[in-house]
Amino acid sequence: MLAISPFLIPPDDAARIATLRHYDILHSLDEKAFDGLVALTARVFSLPISLIALVDETEVQYIANYGMPGNDVQSRQEALCSTVILHDKAVVYKDLSTEKEPFITEQAAQAAYHSQVAFYAAAPLRMPDQRNIGTLCIIDSQPRMLSEDEQRMLEQLAAVVSHTIVVRHQCRTHGAAGELQWQTIQTHLIAEIQGLTALVRYMLTRYGVQVPLSNDILAQIERRLPDLHEVLKHVCE
């Protein structure tokens, strides 16, 4: 594994990593809710790739992957998601071939080039203690614009991912009963995600792919996001 440049490590990184590990989500695979959320995110923006990334001490774990098979783990040194940890807010790299972001390491630039990543945007996964444990990101092989309204939509989808991580952990601290409730919640959440995905598919069929997305389409999607959060309110006591 590559050595990590000191400038990639923010002052509060130890506390941030403690938060990440508290939620016991690293190396989590086959969680259908997370798979559904990255598939929905890719479809919303009509992009081929969306990932949920968790930034640990030296590695980035991709616990949900739509469109980039085999990309399960990456050195923090060569992961663009590391820059989101440093900025602690959403980032948008419209064209990585001309990007001047100082936090993008040479290794990250090379990894993006070899993976044919030209566009990258990500929103942080913020936990209740306000620590950022990773990102929800979208990727394209071609340069792309992302409007402020689209960035807000990406942040709102990341908030759903964050909420899901919290609820998963709350349930799994209640033993077998909690695990059963998590599976029930996940089933209902997947149904809501599928319903929203169908709406997005219908709008894209009717209006065509738009870059950037129109405010009318974004507003219709935004009105449905509270339904996802509502499902996640039914957590173990």
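Reading the values: the criteria
- Residues numbered from 1 in each chain as written.
- Predicted model: local features only at pLDDT ≥ 70, side-chain atom pairs only at ≥ 80, totals over all residues.
- Heavy atoms only, no water.
- Helix = DSSP H or I, 4+ residues; strand = E, 2+ residues; numbered from the N terminus.
- Rg over C-alpha atoms; globule rule 2.2 N^0.38 Å.
- Buried < 20%, exposed > 50% of the residue type's maximum accessible area, 1.4 Å probe, protein only.
- Arc of directions from axis to C-beta.
- Contact = heavy atoms within 4.5 Å.
- Phe/Tyr/Trp six-rings, centres within 6.5 Å; stacked < 30°, edge-to-face > 60°.
- Pairing = 2+ DSSP bridges.

- In the nomenclature of an unreviewed UniProt entry, the chain is known as GAF domain-containing protein of Hymenobacter defluvii.

1. As for the overall build of the chain
Moving on, step 1. The helix and strand tally for the chain stands at seven helices and six strands.
Moving on, step 2. The order of α-helices and β-strands along the chain, N terminus first, is α-α-β-β-β-α-β-α-β-β-α-α-α.
Moving on, step 3. Against the 2.2 N^0.38 benchmark of 18 Å for 237 residues, the chain shows a C-alpha radius of gyration of 17 Å, consistent with a compact globule.
Moving on, step 4. With the C-alpha coordinates aligned to their principal axes, the bounding extent of the chain is approximately 45 × 45 × 30 Å.

2. What to know about helix 4 (residues 106-114)
Note: α-helices contain 3.6 residues per turn, so residues at a spacing of three or four share the same orientation.
Moving on, step 1. For helix 4, the complete set of buried residues consists of A108, A111 and A112. The buried residues of helix 4 occupy an angular sector of 100 degrees when the element is viewed end-on, so they sit on one face. Residues of helix 4 that are exposed and angled more than 90 degrees away from the buried face: E106, Y113 and H114.
Moving on, step 2. If you follow the buried residues of helix 4, they end up packed against strand 3 (73-75).
Moving on, step 3. Just past helix 4, the residue Q116 takes up positive phi, approximately 60 degrees.

3. Structural notes on the packing of aromatic side chains
The description of two aromatic rings rests on the distance between their centres and on the angle between their planes.
Moving on, step 1. Going through the model one piece at a time under the given rule, you end up with two aromatic pairs.
Moving on, step 2. An angle of 20 degrees between the planes, with centres 6.3 Å apart, marks the rings of F7 and F103 as stacked. Placement of F7 in the segment before helix 1 (13-22) and of F103 in the loop between strand 4 (91-93) and helix 4 is noted, with a sequence separation of 96 residues between them.
Moving on, step 3. With centroids separated by 6.0 Å and ring planes inclined at 20 degrees, the aromatic side chains of Y93 and Y120 adopt a geometry described as stacked.

4. What about unusual backbone geometry?
Moving on, step 1. Each neighbour pair has its own omega, and for V211 with P212 the value is 0 degrees, a cis peptide bond.
Moving on, step 2. Backbone geometry at S46 places phi at a positive 50 degrees, although glycine is not the residue there.
Moving on, step 3. When you line up the elements, S46 lands in the loop between helix 2 (32-44) and strand 1 (49-55).

5. What to know about the pairing of strand 2 (residues 59-66)
The side chains of a regular strand alternate, residue by residue, between the two faces of the sheet.
Moving on, step 1. Alignment of strand 1 against strand 2, held across six bridges, turns out to be antiparallel. Bridge pairing links S50 to Y66 in strand 2.
Moving on, step 2. The turn linking strand 1 back onto strand 2 is made up of three residues.
Moving on, step 3. Two strands pair when backbone bridges link them, and strand 2 and strand 3 are joined in this way by three bridges, in the antiparallel orientation. Within strand 3, the residue paired with Q61 across the bridge is V73.
Moving on, step 4. Between the end of strand 2 and the start of strand 3, which pair antiparallel, lie six residues, with G67 showing a positive phi angle near 95 degrees.

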